[in-house]
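Each chain, written out:
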Amino acid sequence: MDGGASFLFGGIHFNRRKFAKDFSRFETKKKEIDDSSLVDIAIPEAEEEEPVAVSVKKRKRKTEVSESGDGISLFKTSKSAKAAKKDKEKPANERSKQKKKLNRQLERDSLLRKKYNVHVSGNNIPSPLDNFSELSSRFGCEAYLLRNLAELGFEEPTPIQRQAIPVLLSGRECFACAPTGSGKTLAFVCPMLMKLKHTSKDGIRAVILCPTRELAAQTTRECKKLAKGNKFYIKLMTKELARNADFSKVPCDILISTPLRLRLAIRKKKVNLSRVEYLVLDESDKLFELGLLKQIDSVVKACSNASVVRSLFSATLPDFVEDLARTIMHDAVRVIIGRKNSASETIKQKLVYAGSEEGKFLALRQSFTESLNPPVLIFVQSKERAKELYGELLCENIRVGAIHSDMSQAERENAVDNFRAGKTWVLIATDVIARGMDFKGINCVINYDFPDSSAAYIHRIGRCGRAGRSGEAITFYTEEDIPFLRNIANVMASSGCEVPSWIMVLPKKKWRKHRPGRGSVLAGPKDDMPKKKWKVKKADTRKTIINDEPEDEQE
Ligand SMILES: Nc1ncnc2c1ncn2[C@@H]1O[C@H](COP(=O)(O)OP(=O)(O)OP(=O)(O)O)[C@@H](O)[C@H]1O
């Protein structure tokens, strides 16, 4: 990904030789500062509970004064240096009182983090939230938002919300990794609404980037639910808007988009992002994959406001994304919930040997005969295989839908809506909906085709077992998949699932995208098997998948 990082650094290259003299002047100074900053740990003047009343417009990378057991800063900011000086002037007993108070706060923070499995690193990390009412006592949250949280039935913040919300409210940049279905959306939308306060005529002040249109649409809906009662203009970037709208005339406070659509609007000079104060990259590791990196780069550059606060959220955060993030972020706080890159612990995970491609359909039939417990989500590796399997299950009289990139936007939305509404019981999907989609109460995810990476596995199975619910994930594997089994088994073991011991001793395999040519799902068993009588109602409508115009988005 080196090439990738250089994108984001485009235009910030200095010729060190040419400017050697000037550099040496700064280097001496920097050394002096660094040395002096190691003197002692600054003690904050104010208690952390104080509401953060920093105006976003006036703020210039202001570091919140708060402490954490995990992230005590050895490097003083100019503010902390002043605080230390002032502190030295205070009587000794007052100083020791303050130190004790601070230590008690640090201890409380540390216990809370331990309780909720929150791991943090960075400088001066704000205390985690104990409950939602701290949003108003510490941060001056408005009543409408607390009311909305209550109406949505959110009684307690989830672990990621406990830590990421105060971090973002303190104006700090953040990269966060928390399991699927653990409420990351609220963790970035809530502070965004609180900081933006009200609608304004300044144009777009917040941007949320999502890798797929379905996720962008879902995030827009969530955002609107949370903003109910406050007149924010929250816009989803549609194809139409990206092509034709002039955003200087469209009222918009928060814009939610896929990278491709936003880049299109930037290129056409239809959108001005120079006033953006908050930029969220949701499913950031997906966005930082090579195919999307150029688009992300142009969005990051277009958000040119010097005090923009960027945040990255995902359930999987590979090291290269962290490294890349560090190059573009300023004094960021890293928040990890539980173990990094692990699956949700509420999902019962199972591996099923299907022998060969031919055996998969048999295994699927078998598992449906034993228990078809809808809603069930089935992942396959390609749109061709999605179409084939869809046809096969239709013939079996199963209420089935499909979603993949050969479908038009309306068809895709229809498939998702039917599944959400319970009109279809089984949804066959490619990885297009593997990330972020929040289907309530999916009972089972079946990886009909082995996932192409452990991240893909975590996101796919994470469509069930959300918000503390239980779920089941079944992964079929064939001979070709065996070399990659160990990687999935590691994920399973780290989330507490049982794994056959022979798998754990398989050689470790470096995992690049594993997408073998799998042939046809129709091959083999169909003719040999008697037709199964399902105890399910006949599907209302038998949808034909129309090969519409090719997608302008990546899957
Ligand atoms: N504090 C809360 N209490 C109860 N439920 C919550 C809370 N916060 C969020 N939820 C619910 O949890 C579900 C999952 O939330 P969300 O979609 O934000 O998860 P996520 O962490 O972004 O998952 P993914 O990694 O798959 O994108 C949603 O249905 C949401 O309404």
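Predicted model, so just to flag it, every value in this text is computed and none were measured. (Residues numbered from 1 in each chain as written. Predicted model: local features only at pLDDT ≥ 70, side-chain atom pairs only at ≥ 80, totals over all residues. Heavy atoms only, no water.)

(A) Up close: the overall build of the protein. Each helix and strand in the protein was counted, giving 21 helices and 14 strands. The proportion of buried residues among the 555 residues of the protein is 52%. If you take every contact in the protein between residues at least 6 apart in sequence, the share linking residues at least 24 apart comes to 78%. When the accessible surface of the protein is summed, it comes to about 26,100 Å², and 53% of that surface belongs to carbon and sulfur atoms. (Helix = DSSP H or I, 4+ residues; strand = E, 2+ residues; numbered from the N terminus. Buried < 20%, exposed > 50% of the residue type's maximum accessible area, 1.4 Å probe, protein only. Contact = heavy atoms within 4.5 Å. Areas by Shrake-Rupley, 256 points an atom, 1.4 Å probe, with all protein chains shown as cover.)

(B) Looking closely at the packing of helix α7 (residues 159-169) against helix α8 (residues 184-196). Direction vectors running N to C along α7 and α8 enclose 30°, while the axes themselves pass 9 Å from each other. On the basis of their axis angle, the class for α7 and α8 is roughly parallel. Between α7 and α8 lies a crossing whose hand is right-handed. In this structure, α7 uses Ile160, Gln161, Ala164, Ile165, Leu168 and Leu169 to contact α8, whose residues at the interface are Lys184, Leu186, Ala187, Phe188, Cys190, Pro191, Met194 and Lys195. (Axes fitted to C-alpha atoms, helices over the stretch in contact; angles between N-to-C directions. Parallel < 35°, antiparallel > 145°, perpendicular 65-115°, else oblique. Left-handed = near helix turned anticlockwise from the far one by under 90°.)

(C) Representation of the site of the ligand within the structure. Taken together, 21 residues lie around the ligand, and Gly181, Lys184, Thr185, Asp438 and Arg466 are the ones closest in. With respect to the ligand, the side chain of aspartate 438 contributes an N or O atom lying 2.5 Å from an oxygen atom. One nitrogen or oxygen atom from the side chain of lysine 440 is found 3.3 Å from an oxygen atom belonging to the ligand. In isolation the ligand exposes 650 Å². Once the protein is present, 89% of that is buried. Of the residues contributing to the shell around the ligand, the split by class is six nonpolar, eight polar and seven charged. (Near = heavy atom within 4 Å. Polar contact = N/O pair within 3.5 Å; in protein donor to acceptor, adjacent residues only side chain to side chain. Nonpolar A, V, L, I, M, F, W, Y, C, P; charged D, E, K, R; others polar.)

(D) Here's a closer look at helix α15 (residues 357-370). Taking 1.5 Å of rise per residue, 14 residues should cover 20 Å, and α15 covers 21 Å from first to last C-alpha, within 8% of that figure. Buried residues of α15: Glu357, Gly359, Lys360, Phe361, Ala363, Leu364, Arg365, Ser367 and Phe368, and no others. (Expected span 1.5 Å × (residues − 1).)

(E) Spotlight on the sheet that holds strand β14 (residues 471-478). The six strands are arranged β9-β14-β13-β10-β12-β11 in an open sheet whose pairing can be described as parallel. Every interior strand has two partners, whereas the edge strands, β9 (347-355) and β11 (400-403), have only one. Adjacent strand axes in the sheet meet at a mean angle of 20° when their direction is disregarded. In terms of strand pairing, strand β10 (residues 376-379) meets strand β13 (residues 444-447) through four bridges, oriented parallel. Its bridge partner being in β13, phenylalanine 379 is matched across the sheet by asparagine 447. On top of the sheet, α15 reaches β9, β10, β12 (426-429), β13 and β14; it is set at about 155° to β14, its chief contact. (Pairing = 2+ DSSP bridges.)

(F) Representation of the side chain of glutamate 214. Residue placement: glutamate 214 occurs in helix α9 (residues 213-227). The class of glutamate 214 is buried, set by a relative accessible area of 6%. Ignoring sequence-local partners within four residues, the contact set of glutamate 214 consists of Ile403, Arg412, Val416, Val432, Ile433 and Met437.

(G) Summary view of the sheet that holds strand β6 (residues 278-282). The strand order across the open sheet formed by eight strands is β1-β8-β2-β7-β6-β3-β5-β4, and the pairing between neighbours is mixed. Each of the sheet's edge strands pairs with one partner strand only, and the pair in question is β1 (118-121) and β4 (234-236). Strand-to-strand, the axes of this sheet are offset by a mean angle of 15°, without reference to chain direction. Here four bridges tie strand β3 (residues 206-209) to β6, and the two strands are oriented parallel to one another. Looking at β6, one finds that isoleucine 208 is bridged to valine 280.

(H) The UniProt feature "short sequence motif: Q motif" (unreviewed entry) in the protein, seen in detail. Mapped onto this structure's residue numbering, the UniProt feature "short sequence motif: Q motif" (unreviewed entry) falls at residues 134-162. This span, residues 134-162, is 66% helix and 0% strand, and a straight line between its end C-alpha atoms measures 10 Å. (UniProt positions renumbered as here; feature names shortened; annotations may be inferred.)

(I) Focus on the nonpolar core. With 87 residues, the main nonpolar core has Leu135, Ile208, Ile254 and Ile433 as its most contacted residues. Among the elements that make up this core, the one with the highest residue count is α8 (nine residues). Contacts of isoleucine 254, omitting those with residues within four sequence positions, involve Met192, Leu193, Leu196, Ala206, Ile208, Cys223, Tyr233, Ile234 and Lys235. (Core = buried A, V, L, I, M, F, W, Y, C linked by side-chain atoms within 4.5 Å.)

(J) Quick peek at α9. Taking 1.5 Å per residue, 15 residues should reach 21 Å; α9 reaches 21 Å between its end C-alpha atoms and fits that length. Taken as a whole, α9 has its buried residues at Arg213, Glu214, Leu215, Ala216, Gln218, Thr219, Thr220, Cys223, Leu226 and Ala227. Positioned one or two residues after α9, glycine 229 has a phi angle of 95°, which is positive.

(K) The arrangement of the packing of aromatic side chains in detail. Using the criterion set out here, one finds four aromatic pairs in the structure. Geometrically, the ring pair formed by tyrosine 353 and tyrosine 477 is tilted, given 5.3 Å between the ring centres and 45° between the ring planes. Taken as a pair, tyrosine 353 in strand β9 and tyrosine 477 in strand β14 lie far apart in primary sequence, 124 residues in all. On the basis of relative accessibility, which here comes to 42%, the residue tyrosine 353 falls in the partly exposed class. Pairing tyrosine 448 with phenylalanine 476 gives two aromatic rings, centres 5.9 Å apart and planes at 65°, and the pair type is edge-to-face. Of this pair, tyrosine 448 sits in the loop between β13 and α18 (454-461) while phenylalanine 476 sits in strand β14, and the two are 28 residues apart along the sequence. Accessibility expressed as a relative area gives 1% for tyrosine 448, which makes it buried. Under the relative-accessibility criterion, phenylalanine 476 is labelled buried at 1%. One cation-aromatic arrangement involves arginine 162 over tyrosine 116; the distance from NZ or CZ to the ring centre is 3.8 Å. (Phe/Tyr/Trp six-rings, centres within 6.5 Å; stacked < 30°, edge-to-face > 60°. Lys NZ or Arg CZ within 6 Å of the ring centre and 35° of its normal.)

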